[in-house]
Protein chains: 2
Amino acid sequence: MSLSRSILLGGVAASLAAGAVLAAAHGNSAAEAAIKARQAHMSLYSFNIGTLGGMAKGAVEYDAAKASAAAANILALSKLDQSGYWVEGSSTDDMMETDALPAIWTDMADFNKKMENLTAAATTMEGAAGQGLEALQTSMKELGGACGACHKAYRKPE
Amino acid sequence: MSLSRSILLGGVAASLAAGAVLAAAHGNSAAEAAIKARQAHMSLYSFNIGTLGGMAKGAVEYDAAKASAAAANILALSKLDQSGYWVEGSSTDDMMETDALPAIWTDMADFNKKMENLTAAATTMEGAAGQGLEALQTSMKELGGACGACHKAYRKPE
């Protein structure tokens, strides 16, 4: 409110200064929104992979329907349009809230390739998850590998 | 670590006590995982509805491709299997971290109907979003209405 008033009341200098503040605030909130969405997306992968992983490890009884549903979720998530996620200024170089390394932006073609590998692995899992525990366990290797390959290259180590 | 040791070293009483602790921890963490997934799911709706809403309000220039992608994301999200989200003991009666009212569990049929209404509204939006700003704006009413109807009935007021 006081910012709007200063634009109304002020001259060119005040207007420019306010414009810079607004631009910074806008840029920041766009990056924050993108980071939040990326992390939400990862949380949903994690939730569904947790279902499959629990069965694969024998911590939870194998359930073909639940396994298939979790695998279908992962596949659908991998196919969401994610072009809004990778806004400039939202890497670990820019923000505290993210583990997304700057290499994502410099190696975007490889990054996208690794995303495609995830969709491929999720497709395999979607076909396998309902076909018995062994099929699920075998596909977990490919799916876990696809997750890990991207994390290793593009996520800040803990 | 010390819990495992106490089981190894202790007698039946210690083992039972540890078992109760583990069961409580497991129950709690299942509810927490479900809450986190629900909120992540909502964050992804919000991110994509933000794209559409920004255009509808004129805050962001209309872009048919981006609008279509956001609408397709919302539709795909609405179709994810969400049966793992509504675990017993994860309402506002049980946990601090959630705004999910107990009525979800007592009125599950109506709750599911409202979810179906969201999918219907998202389907309309997916068809409309790329057809121009006016079509998008018209569909925002149905989509916003579907969001709001569920929030009003089943989300704790702020």
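Residues numbered from 1 in each chain as written. Chains lettered and ligands numbered in written order. Predicted model: local features only at pLDDT ≥ 70, side-chain atom pairs only at ≥ 80, totals over all residues. Heavy atoms only, no water.

### Brief notes about the interface of chain A and chain B
In this assembly, 17 residues from chain A lie in contact with 17 residues from chain B. Roughly 1,400 Å² is buried in total at the junction of chain A and chain B, and carbon and sulfur atoms are behind 77% of that figure. When residues of chain A are sorted by the area they lose upon contact with chain B, Leu44, Phe47 and Leu80 of chain A head the list and together hold 38% of the total. Our count for the contact surface shared by chain A and chain B stands at zero salt bridges. Between chain A and chain B we count two residue pairs in polar contact (both at pLDDT 80 or more) in total. Of all elements in the fold, only helix 2 (12–56) and helix 3 (64–79) of chain A reach the threshold of two or more residues within the side of chain A that touches chain B. Counting residues per element, the side of chain A that touches chain B draws most heavily on helix 2 of chain A, at nine residues. Partitioning the side of chain A that touches chain B into residue classes produces eleven nonpolar, four polar and two charged. (Contact = heavy atoms within 4.5 Å. Buried area = accessible area lost by both parts, 1.4 Å probe. Salt bridge = Lys/Arg side-chain N within 4 Å of Asp/Glu carboxyl O. Polar contact = N/O pair within 3.5 Å; in protein donor to acceptor, adjacent residues only side chain to side chain. Helix = DSSP H or I, 4+ residues; strand = E, 2+ residues; numbered from the N terminus. Nonpolar A, V, L, I, M, F, W, Y, C, P; charged D, E, K, R; others polar.)

### Some remarks on the nonpolar core
Most often, soluble globular proteins keep nonpolar side chains buried together rather than apart. Grouped together as the largest cluster of nonpolar side chains are 66 residues, with contacts concentrated most on Leu52 of chain A together with Leu52 of chain B. Leucine 52 of chain B has contacts with Ala67, Ala70, Ala71, Ile74, Met125, Ala129, Leu136, Met140 and Leu143 of chain B, leaving out every residue within four places of it along the chain. (Core = buried A, V, L, I, M, F, W, Y, C linked by side-chain atoms within 4.5 Å. Buried < 20%, exposed > 50% of the residue type's maximum accessible area, 1.4 Å probe, protein only.)

### Notes on the relation of the copies chain A and chain B
Rotating chain A by 180° and moving it 0.0 Å along the rotation axis overlays it on chain B with an RMSD of 0.0 Å. Those values place the two copies in the arrangement expected of a two-fold rotation axis. Judged by C-alpha distance, alanine 40 of chain A is the residue of chain A that lies nearest the rotation axis, at 2.1 Å. The overlap is high: 100% of the interface residues of chain A also sit at the interface in chain B, so the same surface is used on both sides. (Least-squares fit on C-alpha atoms with pLDDT ≥ 70 in both.)

### Quick word on helix 6 (residues 133–154) of chain A
Each α-helix winds once per 3.6 residues, and so residues spaced three or four apart point in a common direction. Residue and element names in this part refer to chain A. Over its 22 residues, helix 6 extends 31 Å from the first C-alpha to the last, a length consistent with the 32 Å expected when each residue adds 1.5 Å. Its axis deflected by about 25° at methionine 140, helix 6 carries its strongest bend there. Listed as buried for helix 6 are Leu136, Ser139, Met140, Leu143, Ala146, Cys150 and Tyr154. (Expected span 1.5 Å × (residues − 1). Bend = angle between axes of the 7 residues up to and from the residue.)

### Description of the packing of helix 3 of chain A against helix 5 (residues 108–128) of chain A
Residues and elements named next belong to chain A. Packing of helix 3 against helix 5 leaves a shortest axis separation of 8 Å and a crossing angle of 155°. By the angle between their axes, helix 3 is roughly antiparallel relative to helix 5. Crossing of helix 3 against helix 5: the hand is left-handed. Of the residues in helix 5, those touching helix 3 at Ala71, Ala72, Ile74, Leu75, Ser78 and Lys79 are Leu118, Thr119, Ala122, Thr123, Met125 and Glu126. Grouping the amino acids of the contact of helix 3 with helix 5 by side-chain chemistry returns seven nonpolar, three polar and two charged. (Axes fitted to C-alpha atoms, helices over the stretch in contact; angles between N-to-C directions. Parallel < 35°, antiparallel > 145°, perpendicular 65-115°, else oblique. Left-handed = near helix turned anticlockwise from the far one by under 90°.)

### Considerations on the packing of aromatic side chains
Counted according to the given criterion, the structure contains ten aromatic pairs over all chains. Members of the aromatic cluster, joined through ring pairs, are Phe47 of chain A together with Tyr85, Trp86, Trp105, Phe111 and Tyr154 of chain B. (Phe/Tyr/Trp six-rings, centres within 6.5 Å; stacked < 30°, edge-to-face > 60°.)

### As for the pattern of salt bridges
When charged atoms on two side chains of opposite charge get close, those side chains can pair. All names here are of chain A. One pass over the full model with this rule turns up two salt bridges over all chains. One salt bridge connects lysine 114 with aspartate 110, and the closest N-O pair in it is separated by 2.9 Å. Here lysine 114 pairs with aspartate 110, and both are found in helix 5, just four residues apart, close to one helical turn. Taking relative accessible area as the criterion, lysine 114 reaches 19% and is therefore assigned buried. Exposure remark for aspartate 110: the relative accessible area of 32% places this residue in the partly exposed category.

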